[in-house]
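The chain contents come next:
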Amino acid sequence: MPYPFETTSPRQAELNLFKTKLPHITASIQELFRAMSVSYRSIEQKDIFGKYGGLRRDNGFETALNLMWVAMLNDQIIQTDADVLTFISKLRVLCLKWYQFGNSLDSCLFFGYFFYLFYNQSKFIVRDQIRDLKMLIDNDNTVTQDNAIQALLKPTHSTSWYQSELGIGDKLTSIFISNVDLVKVELPLPGYQITFQHSLQYDLRAPNFINREHIEVPFKKDGKVIISCPSCAQRCRGKLFTHLEMTCPKCSQTWVQTI
Ligand SMILES: [Zn+2]
């Protein structure tokens, strides 16, 4: 079964843009992908008890990761005082883009393993790394206003999520996370952490965390359903089906979701 983010076509114009506008990242992401690919092969191997190797920290991965944060700050795609989740999210978008240019799937799978499955461990490693970087790098705490770069690295998901019986989906993309791949959290913010712990079908388009405020539970009554438009928040009424296709009467936005 292919991973949900896997289908892709190489885009030469985007690659040229990436290399020209993000020179530090272009240099660093190659080493990061090499280290992640080696790490993936090492975790695939089981020990004599049939257990996976766990987080491998001795093959240059953490050094490559550290250099990647430096490159991201130097190319000004993130502010020095951004939080851990934002750093990881920006890196995820970059890795997905780099993968779309024809680079290693194994590297993306290690990304999934490290940042989704072992999120609680990885966020502490990242937190320590970026805390040290703030002392060293002066990027004026600004991000690039270059429209082409902002379009290239645009978010891979919306903030309009719906809850269905089987899981949580994005109204504006095909991202859907099964209940078994989610962990409910209350602190520091109520919501769901995406771990892919059951399916291991990492979807690098998905965030690490979905805020509960961004998840709509559909209102169902007497064979009807009321759900809100992801574009203009208009409440839309329809017949209750397991699979819904809705068109907003106010702004004509169409979307699909399951109940
Ligand atoms: Zn609308």
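Please read all numbers here as calculations on a predicted model, not as lab measurements.

*Asks:* Could you clarify how one ought to interpret the pairing of strand β11 (residues 243-247) in this entry?
*Replies:* Strand residues, when the strand is regular, have side chains that alternate between the two faces of the sheet. Sparse coverage of β11 is indicated by the burial of zero of its five residues. Here β11 runs beside strand β12 (residues 254-258); their pairing, made up of five bridges, is antiparallel. Each bridged residue has a counterpart across the sheet, and for Leu244 the counterpart in β12 is Gln257. Here β11 hands over to β12 after six residues, with Ser252 in that stretch at a positive phi of 70°.

*Asks:* Would you explain the pairing of strand β9 (residues 224-228) in this entry?
*Replies:* Direction of pairing for strand β8 (residues 219-221) relative to β9: antiparallel, over a ladder of three bridges. Across the sheet, Lys220 pairs through a bridge with Val225, a residue of β9. Once β8 ends, the chain turns through two residues before running back antiparallel as β9, passing Asp222 with a positive phi of about 50°. Pairing of β9 with strand β10 (residues 235-239), which is carried by five bridges, proceeds in the antiparallel orientation. Bridge pairing links Lys224 to Lys239 in β10. The hairpin turn running from β9 into β10, its antiparallel successor, is six residues long, and Ala233 in that turn takes a positive phi close to 70°.

*Asks:* How should the nonpolar core be read in this particular structure?
*Replies:* Within soluble globular proteins, side chains that are nonpolar tend to cluster in buried spots. Formed by 47 residues in total, the largest nonpolar core has its most connected members in Met36, Met68, Met72 and Phe111. Those elements giving two or more residues to this core turn out to be α2 (23-44), α3 (61-74), α4 (84-100), α5 (105-117), α6 (119-136), β1 (161-163) and β5 (191-194). Each of domain 1 (12-152) and domain 2 (161-258) accounts for three or more of the residues forming this core. Those residues in contact with Met68 that lie beyond four places of it in its chain are Ser28, Ile29, Leu32 and Leu91.

*Asks:* In this structure, what is going on with α5? I would like to understand it.
*Replies:* An α-helical segment advances 3.6 residues per turn. Residues three or four places apart therefore align on the same side. In this model, α5 (13 residues) spans 17 Å end to end at C-alpha, consistent with the 18 Å of a helix rising 1.5 Å per residue. Among the 13 residues of α5, 10 are classified as buried, and the element is accordingly described as predominantly covered. If you check which residues of α5 are buried, you get Ser107, Cys108, Leu109, Phe110, Phe111, Gly112, Tyr113, Phe114, Phe115 and Tyr116. The secondary structure elements touched by the buried residues of α5 are α2, α4, α6 and β5.

*Asks:* Explanation requested: unusual backbone geometry in the structure shown.
*Replies:* Most peptide bonds are trans, and most residues other than glycine sit at a negative phi. Between Leu187 and Pro188 the backbone carries a cis peptide bond, its omega angle lying at 0°. On the secondary structure map, Pro188 appears in the loop between β4 (182-185) and β5. One non-glycine residue, Leu200, lies in positive phi territory at about 55°. Within the secondary structure, Leu200 is located in the loop between β5 and β6 (209-211). Leu200 sits in the partly exposed class, given 14 other C-beta atoms within 10 Å.

Definitions and cut-offs
Residues numbered from 1 in each chain as written. Predicted model: local features only at pLDDT ≥ 70, side-chain atom pairs only at ≥ 80, totals over all residues. Buried ≥ 20, exposed ≤ 12 C-beta atoms within 10 Å, placed from the backbone. Helix = DSSP H or I, 4+ residues; strand = E, 2+ residues; numbered from the N terminus. Pairing = 2+ DSSP bridges. Core = buried A, V, L, I, M, F, W, Y, C linked by C-beta atoms within 7 Å. Domains from an automatic or database assignment. Contact = placed C-beta atoms within 7 Å. Expected span 1.5 Å × (residues − 1).

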